[in-house]
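# Inside the fold
Below are the chains, spelled out letter by letter.
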Amino acid sequence: MKKIKKLKPEMFTSVKGMHDILPQEQWLWEKMDKAVKNIANFYNFSKIETPVVERVELFEKTTGQETDIVEKQMFTLVSKGEESMVLRPEGTPGVVRAYIQYGLSHLGQPLKLYYFGPMFRYEQPQAGRFRQFHQAGFEIIGGEEDSLYDAQVVIACYRLIEEMGINECSVQVNTIGCKNCRPAYRKKLQEYYKGKEKNLCKDCKRRLVTNPLRLLDCKEAQCQELKKEAPIILDYLCTNCSKHFKSTLEYLEEVGIPYSLNHYLVRGLDYYTGVVFEIMTTGFDFALGSGGRFNDLVELMGGKKTPAVGAAAGLERLVEVIKAREIKDSHRPRQRVFLVHVGDVAKRRSLSIIELLRKADIKVAETLGKDSLKNQLRNADKAGADLALIFGQKEAFEENIIIRDLKTGAQETVPLPKLADSIKRKLQ
Ligand code: AMP
């Protein structure tokens, strides 16, 4: 007989940086899904879903050739037609593509959109950093270039994080100026770093010529040290950017969102203009959410000049904080009614009782595969049920069922046709 070659178990583990969302975590993801929908509904954002796969040029031309995302982190696919495509590393370019492609500007001025879905970046996995992760994003596209909208995307993102039970958050805010004032600042930065090049990391040496602002968010120790004395953009802002920045902060103050100025926050994407921000929480060095203004993106992609601003929260990071802080959830769905059977006849008829309750829209849990009464009651207890429905030979024969209140131990026998009404009354 031919010997079966045993395959190595590690061949069947998930790919590095990609994670499973297991059944025991689903309640948290469902809660997140609901929270995103609630926040979006409340603040009047409409949902948009774009494909996970986009053309490579979309990100090269928008997120930027020089950015880490495009340079190092894209999952590229080559289709049969040799077309180069990527698994989207972020949501905004796809949303803006759809905005232009379908002429969505007629839906509203501004148009408020939100999305929820997986993103892919080839990063070194670590705490809060995955290669497949989920973002919930809020974008406000069109209308006036009003700082109110900057504040509104921060508020939506901040409230989403709060809604998940995460407190002790604060927003780090900066502005990277606009086409008019940024060049002077860029020049100042280049002057500041002149003569210090040898102390910069390899990437920053190159960025000093191509994109000097990026030197400010380099994580290398030697670059962090050098940036401490670097000039700050606030001293170079044009009147418009200065006013916009100030009033964004005033709006945040109005609703009591705590913020601090971070003069060196630049965010690694090319399309940002003006206000940029990151939402942080105590004890974690990663951002839970981030975003900024991108006034030139629609035009860059062939649309009309359209101011826009957006934010996205990283949902795996919220999960990480929730787990680390052991945030308990009072809304975690409980199985309130648990059906327990005794004997074969009752076991078979239990299926009909479940169908009867389904028609009455009463969710019922069971472990009908277990015959021991003790085990079934233990499971009812574990599920946190309020009521156990106990159905034995005698009850099956007499067409009734026992409802036991698991908190008080009180029992009542009710005829089967009255079961649904009795449960509803008791659960009220
Ligand atoms: P960004 O698109 O870079 O502005 O990121 C928006 C948010 O997505 C960040 O604030 C993070 O919360 C989250 N995020 C970004 N990259 C990752 C990653 N590799 N793994 C998990 N979350 C991420």
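In what follows, the structure referred to is the one given above.
Attention here is on the structure that accompanies the text. (Residues numbered from 1 in each chain as written. Predicted model: local features only at pLDDT ≥ 70, side-chain atom pairs only at ≥ 80, totals over all residues. Heavy atoms only, no water.)

On to the packing of helix α12 (residues 344-359) against helix α15 (residues 419-427). Direction vectors running N to C along α12 and α15 enclose 60°, while the axes themselves pass 10 Å from each other. As far as their axial angle goes, α15 and α12 are oblique. For the crossing formed where α12 meets α15, the hand is right-handed. Counted together, Ile-353, Leu-356 and Leu-357 of α12 and Leu-419, Ala-420 and Ile-423 of α15 form the full contact between these two elements. Residues belonging to the contact of α12 with α15 are distributed by class as follows: six nonpolar, no polar and no charged. (Axes fitted to C-alpha atoms, helices over the stretch in contact; angles between N-to-C directions. Helix = DSSP H or I, 4+ residues; strand = E, 2+ residues; numbered from the N terminus. Parallel < 35°, antiparallel > 145°, perpendicular 65-115°, else oblique. Left-handed = near helix turned anticlockwise from the far one by under 90°. Contact = heavy atoms within 4.5 Å. Nonpolar A, V, L, I, M, F, W, Y, C, P; charged D, E, K, R; others polar.)

Before going further, it helps to examine the packing of aromatic side chains. Taken as a whole, this structure holds eight aromatic pairs when the rule is applied. Three or more aromatic residues link up through ring pairs in this structure, and these residues are Tyr-271, Tyr-272 and Phe-294. We note Arg-131 situated over the ring of Tyr-122; from NZ or CZ to the ring centre the distance is 3.8 Å. The side chain of Lys-196 reaches across the aromatic face of Tyr-192, ending 4.0 Å from its centre. (Phe/Tyr/Trp six-rings, centres within 6.5 Å; stacked < 30°, edge-to-face > 60°. Lys NZ or Arg CZ within 6 Å of the ring centre and 35° of its normal.)

Below, the discussion takes up the site of the ligand. Within the structure, the ligand sits among 15 residues, and Arg-121, Glu-123, Phe-130, Arg-267 and Ser-290 are positioned closest to it. The separation between a nitrogen atom of the ligand and a polar side-chain atom of Glu-123 is 2.6 Å. Within the contact set of the ligand, an oxygen atom lies 3.2 Å away from a backbone nitrogen or oxygen of Gly-314. Protein contact buries 93% of the 490 Å² of open area that the ligand shows by itself. (Near = heavy atom within 4 Å. Polar contact = N/O pair within 3.5 Å; in protein donor to acceptor, adjacent residues only side chain to side chain. Areas by Shrake-Rupley, 256 points an atom, 1.4 Å probe, with all protein chains shown as cover.)

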